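Below, each chain spelled out in residue letters.
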Amino acid sequence: MTLSRNAPCPCGSGIKYKHCCLGKAPEEQRSPMQKMFLWGILLAILVVAAGSGWYWGWAVGARVGVMGVVIVGGYFVFRKPPASTGRSGGANIDFGK
């Protein structure tokens, strides 16, 4: 199904498709390989934390698990954002110059 730019947006917002969802990636656009990679990272953190907890005690295991989540979460939060689609964005702001 193709939508024209001036058609109402199928998300139900009531505005035109070109002003709402045109050019936006859907939320579930991750490939199965990317999803598997994220689950693998989570599983690796849990295994390392459980192993550390078994060997050195639960307090050390908890610290290792929390630090793993913080480090990996920080990577996903602070990584370079995807390239602009050119449709809009901060580069188009004039600031009255």
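How each quantity is defined
Throughout, residues of each chain are indexed from 1 in the direction in which the sequence is written. Under the rules for a predicted model, residues below a pLDDT of 70 receive no local features and side-chain atom pairs below 80 are neither given nor counted, while totals for whole chains, interfaces and linings still include all residues. Processing note: side-chain calculations cover all non-hydrogen atoms of the structure and skip hydrogens and water entirely. The numbering of helices and of strands both runs from the N terminus, where a helix is a DSSP run of H or I of at least 4 residues and a strand a run of E of at least 2. Each residue is assigned to one of three classes by its accessible area relative to the maximum for its type, calculated with a 1.4 Å probe on protein chains only: buried under 20%, partly exposed between the two thresholds, exposed over 50%. We call two residues in contact whenever any of their non-hydrogen atoms come within 4.5 Å of each other. For Phe, Tyr and Trp, where Trp contributes only its six-membered ring, two rings pair if their centres lie within 6.5 Å, and the inter-plane angle classes them as stacked under 30 degrees, edge-to-face over 60, or tilted in between. Patch definition: residues above 30% relative accessible area lacking any salt bridge, with like charges linked at up to 9 Å and the nonpolar side chains Val, Leu, Ile, Met, Phe, Trp and Tyr linked at up to 5 Å. Note on areas: Shrake-Rupley with a 1.4 Å probe; residue coverage comes only from the protein chains shown. Here, a salt bridge means any Lys or Arg side-chain nitrogen found within 4 Å of an Asp or Glu carboxyl oxygen. To obtain an axis, a line is fitted to C-alpha atoms, over the contacting stretch when the element is a helix, and the angle between two such axes runs from 0 to 180 degrees between their N-to-C directions. The cut-offs work like this: below 35 degrees is roughly parallel, past 145 is roughly antiparallel, 65 to 115 is roughly perpendicular, and the gaps in between are oblique. Take the far helix as the reference: if the near one is turned anticlockwise from it by less than a right angle, the crossing is left-handed, and if turned clockwise, right-handed.

Explain the overall build of the protein chain to me, please; I cannot follow it from the model alone.
Scanning the protein chain from N- to C-terminus turns up three helices and zero strands. When the helices and strands of the protein chain are listed from N to C terminus, the series reads α-α-α. When the 97 residues of the protein chain are sorted by exposure, 12% land in the buried category. The contacts in the protein chain between residues at least 6 apart in sequence include a share of 22% that link residues at least 24 apart.

Explain the packing of aromatic side chains to me, please; I cannot follow it from the model alone.
What describes a pair of aromatic rings is the distance from one ring centre to the other and the angle between the planes of the rings. Under the definition given, this model contains one aromatic pair. Pairing Y55 with W56 gives two aromatic rings, centres 4.9 Å apart and planes at 90 degrees, and the pair type is edge-to-face.

Where do I start with a nonpolar patch on the surface in this structure?
Where nonpolar side chains cluster on the molecular surface, the patch consists of W39, L42 and L46 and spans about 350 Å² of accessible area. Structurally, L46 can be placed in helix α2 (residues 32–56).

Looking at this model, I keep getting lost on the packing of α2 against helix α3 (residues 58–78). Mind explaining?
As a packed pair, α2 and α3 sit with axes 6 Å apart at the nearest point and diverge in direction by 160 degrees. On the basis of the axis angle, α2 is roughly antiparallel to α3. The interaxial crossing formed by α2 with α3 has right-handed handedness. For the pair formed by α2 and α3, the contact residues are L38, I41, I45, V48, A49, S52, G53 and W56 on the first element and W58, V60, G61, V64, G65, G68, V69, V72 and F76 on the second.

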